[in-house]
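Descriptive structure summary
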Amino acid sequence: MTDQKTVTPFQRHTSSWYESSARDRVRLLLDAGSFREFIGPEAREMSPHLDLFDLPKQFDDGIVVGRGMLGGKPLFVAAQEGRFMGGAFGEVHGAKLTGLLRAARDTRPAIPVLILFDTGGVRLQEANAGELSISEIMRALVEARTAGAKVVGLIGGRSGCYGGGGLIAGTCSALAVSEHGRIAVSGPEVIETNRGIEEFDSKDKSLVWRTMGGRNRRLIGGADAFVDDTIEAFRAAALLLIERAPAFDLDMLKAEQARLTERLQRFGDCADAVDIWAREGIADARSVPGLSTEAFTAIADKAREPRYDAR
Amino acid sequence: METFSYRQTAGRRSAGTRAQAIVGVVASGNLEVLVERVLPDTECQIDVSTPISGFGKVWEAVVADFVERRSPGGLKLSINDGGARADTVALRLAQAVRLIEEDMK
């Protein structure tokens with residue numbers, strides 16, 4: 001499926017990433033009219049499992065994959081629809097992303113891949129197939145990076161980036177996240193159920209956001225850019241991160257391992273994200289959640305953790 | 001899962017040159033409509049797949065109203081329903097036809 005509409009800068013500046021559908025994000029993010037979808041909805045490549053549960057299917061199984069242009073340069077792009085079953089990975093959904101990453105692995109010269117995450121993790125109705133797809137995606141992603149492709153994740157959708165999506169995000173070359181973006185593996189309710197309310201109170205939304213939200217992820221080096229909730233902001237971040245993302249080699253991996261080891265030593269005993277921000281040297285750490293994007297970005301760019309190039 | 005297929009005669013061919021379009025999402029109270037220009041000019045077909053059973057009469061009425069208002073000749077519309085109300089269905093059908101009638105740039 002192709003799109004024909006023109007895109008104006010005004011639309012990019014005024015469209016909320018969070019509110020947009022997966023298809024609108026792709027259409028508005030890329031150069032106007034450049035997107036070509038692979039295995040579009042007309043192919044009706046749908047979940048083979050949901051009938052068993054008498055659940056409705058979606059023609060694209062909740063993910064849009066294809067090829068387009070960004071700033072005049074070609075790239076691959078995948079976008080999850082967070083409103084269909086929480087953007088969860090099922091068998092077909094996962095296979096479409098695996099196939100896209102393998103295409104990136106085999107394309108010469110290498111071109112980047114953008115993954116627009118919006119997911120709660122594995123689709124429970126397709127548990128084993130979904131879990132397997134997470135492994136296949138991570139392997140394909142690492143193979144694509146080894147072949148020279150930069151893989152950039154954009155996170156700011158209503159379902160955040162949880163479960164296997166959080167794992168995949170961790171294997172990307174770089175990540176951009178908005179205020180609304182949340183990145184984690186176990187979600188708040190999962191942690192509370194397994195470890196008790198003393199460990200994590202999922203009803204405490206302030207706790208959830210300052211732990212898993214975009215600001216903390218940026219400050220502890222888990223995300224490489226913090227952006228406003230607009231298509232334009234994500235577009236600018238994608239262009240920047242494709243340019244800046246480090247090469248994938250042994251030196252980078254060693255540097256990343258060293259960074260994570262040191263991070264654990266520095267912050268391992270902190271009970272709350274605010275303690276981490278204070279130890280990071282941020283004056284008035286409690287004010288971080290309320291800062292404007294500009295003020296926050298200025299602080300984050302000076303903090304120690306995000307300055308590492310490694311991922 | 002209940003499925004319906006309605007084949008009807010439309011007064012005229014739907015405008016525009018796009019081959020296909022899609023609107024909506026399969027979420028609670030919502031639906032997706034895939035529209036494809038694949039039929040003879042005066043025919044239209046609407047295929048429905050819904051997890052909510054027992055509403056055949058309502059679907060039939062919404063579809064009849066849609067065909068009368070929009071005259072979607074040449075179009076095949078395929079619906080994956082997430083339990084949408086009749087007014088939401090009518091809105092999405094109208095959006096789908098509006099989208100496929102847009103000319104290619």
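Residues numbered from 1 in each chain as written. Chains lettered and ligands numbered in written order. Predicted model: local features only at pLDDT ≥ 70, side-chain atom pairs only at ≥ 80, totals over all residues. Heavy atoms only, no water.

In the annotation of an unreviewed UniProt entry, the entry for chain B reads Malonate decarboxylase acyl carrier protein, and the organism field reads Reyranella soli. Quoted verbatim from the Subcellular location (unreviewed entry) heading of the UniProt record, the comment on chain B is "Cytoplasm". (UniProt positions renumbered as here; feature names shortened; annotations may be inferred.)

An unreviewed UniProt entry annotates chain A as Biotin-independent malonate decarboxylase subunit beta originating from Reyranella soli.

**Remarks on the overall build of chain B**
Across its full length, chain B holds two helices and five strands. Scaling as 2.2 N^0.38, a compact globule of 105 residues should have a C-alpha radius of gyration of about 13 Å, and chain B matches this with 13 Å. Its C-alpha atoms put chain B at 35 × 25 × 20 Å along the principal axes. Out of the 105 residues belonging to chain B, those deemed buried represent 54%. Within chain B, contacts between residues at least 6 apart in sequence are counted, and of these 81% link residues at least 24 apart. Carbon and sulfur atoms provide 49% of the accessible area of chain B, an area that totals close to 5000 Å². (Helix = DSSP H or I, 4+ residues; strand = E, 2+ residues; numbered from the N terminus. Rg over C-alpha atoms; globule rule 2.2 N^0.38 Å. Buried < 20%, exposed > 50% of the residue type's maximum accessible area, 1.4 Å probe, protein only. Contact = heavy atoms within 4.5 Å. Areas by Shrake-Rupley, 256 points an atom, 1.4 Å probe, with all protein chains shown as cover.)

**A word on the interface of chain A and chain B**
With 19 residues of chain A at the interface, the matching set in chain B holds 21 residues. For the chain A and chain B pair, buried surface summed over both sides reaches about 1700 Å², with 58% attributable to carbon and sulfur atoms. Remark: the boundary between chain A and chain B carries one salt bridge. Among the salt bridges present, the one from Arg44 of chain A reaches Glu36 of chain B, with a minimum N-O distance of 2.8 Å. Summed over the shared surface of chain A and chain B, the number is seven residue pairs in polar contact (both at pLDDT 80 or more). Considering only residue class, the side of chain A that touches chain B consists of seven nonpolar, four polar and eight charged. (Buried area = accessible area lost by both parts, 1.4 Å probe. Salt bridge = Lys/Arg side-chain N within 4 Å of Asp/Glu carboxyl O. Polar contact = N/O pair within 3.5 Å; in protein donor to acceptor, adjacent residues only side chain to side chain. Nonpolar A, V, L, I, M, F, W, Y, C, P; charged D, E, K, R; others polar.)

**Side note on the pairing of strand E3 (residues 73–80) of chain A**
Residues and elements named next belong to chain A. Counting buried positions along E3 gives six out of eight residues, so the element sits mostly inside the fold. Bridge count for strand E2 (residues 63–70) against E3 is eight bridges, and the pairing is antiparallel. Pairing of Arg67 across the sheet is with Phe76, part of E3. Hairpin remark: E2 followed by E3, antiparallel, with two residues in the connecting loop; positive phi at Gly71, about 60°. Taken together, the four bridges between E3 and strand E4 (residues 113–117) define a ladder with parallel strand orientation. Note on E4: the bridge partner recorded for Ala79 is Leu116. (Pairing = 2+ DSSP bridges.)

**Notes on the UniProt feature "modified residue: O-(phosphoribosyl dephospho-coenzyme A)serine" (unreviewed entry) in chain B**
Residues and elements named next belong to chain B. Mapped onto this numbering, the UniProt entry annotates "modified residue: O-(phosphoribosyl dephospho-coenzyme A)serine" (unreviewed entry) at Ser28. Among the secondary structure elements, Ser28 is positioned in the loop between strand E2 (20–24) and strand E3 (31–37). Overall, the relative accessible area of 77% leaves Ser28 in the exposed class.

**Details of helix H10 (residues 250–267) of chain A**
The end-to-end C-alpha distance of H10 of chain A, which contains 18 residues, comes to 26 Å, matching closely the 26 Å that a straight helix rising 1.5 Å per residue would cover. In the core, the buried residues of H10 of chain A are packed alongside helix H4 (127–146) and helix H11 (273–279) of chain A. (Expected span 1.5 Å × (residues − 1).)

**Examining the packing of helix H3 (residues 91–106) of chain A against H4 of chain A**
Residues and elements named next belong to chain A. Axis separation between H3 and H4 bottoms out at 8 Å; the angle between their running directions is 10°. As summarised for this structure, H3 and H4 are arranged roughly parallel, according to the angle between their axes. In this structure, H3 contributes Glu91, Gly94, Leu97, Thr98, Leu101, Arg102, Ala104 and Arg105 to the contact, and H4 contributes Ala129, Ser133, Glu136, Ile137, Ala140, Leu141, Glu143 and Ala144. Within the contact of H3 with H4, the residues separate by chemical class into eight nonpolar, three polar and five charged. (Axes fitted to C-alpha atoms, helices over the stretch in contact; angles between N-to-C directions. Parallel < 35°, antiparallel > 145°, perpendicular 65-115°, else oblique.)

**What about the packing of helix H1 (residues 56–70) of chain B against helix H2 (residues 86–100) of chain B?**
Residue and element names in this part refer to chain B. Between H1 and H2, whose axes approach to 10 Å, the crossing angle comes to 35°. The crossing of H1 and H2 is right-handed. Contacts between H1 and H2 pair Val58, Trp59, Val62, Phe66 and Arg70 from the former with Ala86, Val89, Ala90, Leu93, Ala94 and Val97 from the latter. Its residues assigned to classes, the contact of H1 with H2 comprises 10 nonpolar, no polar and one charged. (Left-handed = near helix turned anticlockwise from the far one by under 90°.)

**So, a nonpolar patch on the surface**
Residue and element names in this part refer to chain B. Among the surface-exposed residues, Ile52, Phe55 and Val58 lie close enough to one another that they form a single nonpolar patch of about 250 Å² accessible area. Positionally, Phe55 belongs in the loop between strand E4 (43–50) and H1. Assessed through its relative accessible area of 45%, Phe55 is described here as partly exposed. (Patch = residues over 30% accessible without salt bridge, like charges linked within 9 Å, V, L, I, M, F, W, Y side chains within 5 Å.)

**Quick notes on the pattern of salt bridges**
Residue and element names in this part refer to chain A. Counted under the stated rule, the structure contains 24 salt bridges over all chains. With its nearest N and O atoms 2.9 Å apart, the salt bridge here joins Asp118 to Arg25. Within this pair, whereas Asp118 is found in the loop between E4 and H4, its partner Arg25 is found in helix H2 (residues 22–29), the two being separated by 93 residues in sequence. We note that Asp118, like Arg25, is buried. Beyond isolated ion pairs, a larger network of salt bridges with shared partners links Arg23, Glu37 and Asp60.

**Notes on the environment of Pro112 of chain A**
The topology assignment puts Pro112 of chain A in the loop between H3 and E4. Residue Pro112 of chain A is classed as buried on the basis of its relative accessible area, which comes to 17%.

**Brief notes about the side chain of Ser15 of chain A**
Residues and elements named next belong to chain A. Tracing the chain through its elements places Ser15 in the loop between helix H1 (9–14) and H2. Here the side chain of Ser15 touches Gln11 through a polar contact of 2.7 Å, landing on its backbone oxygen. Setting aside residues no more than four positions away along its own chain, Ser15 makes contact with Ser20, Leu28, Asp229, Thr230 and Ile231.

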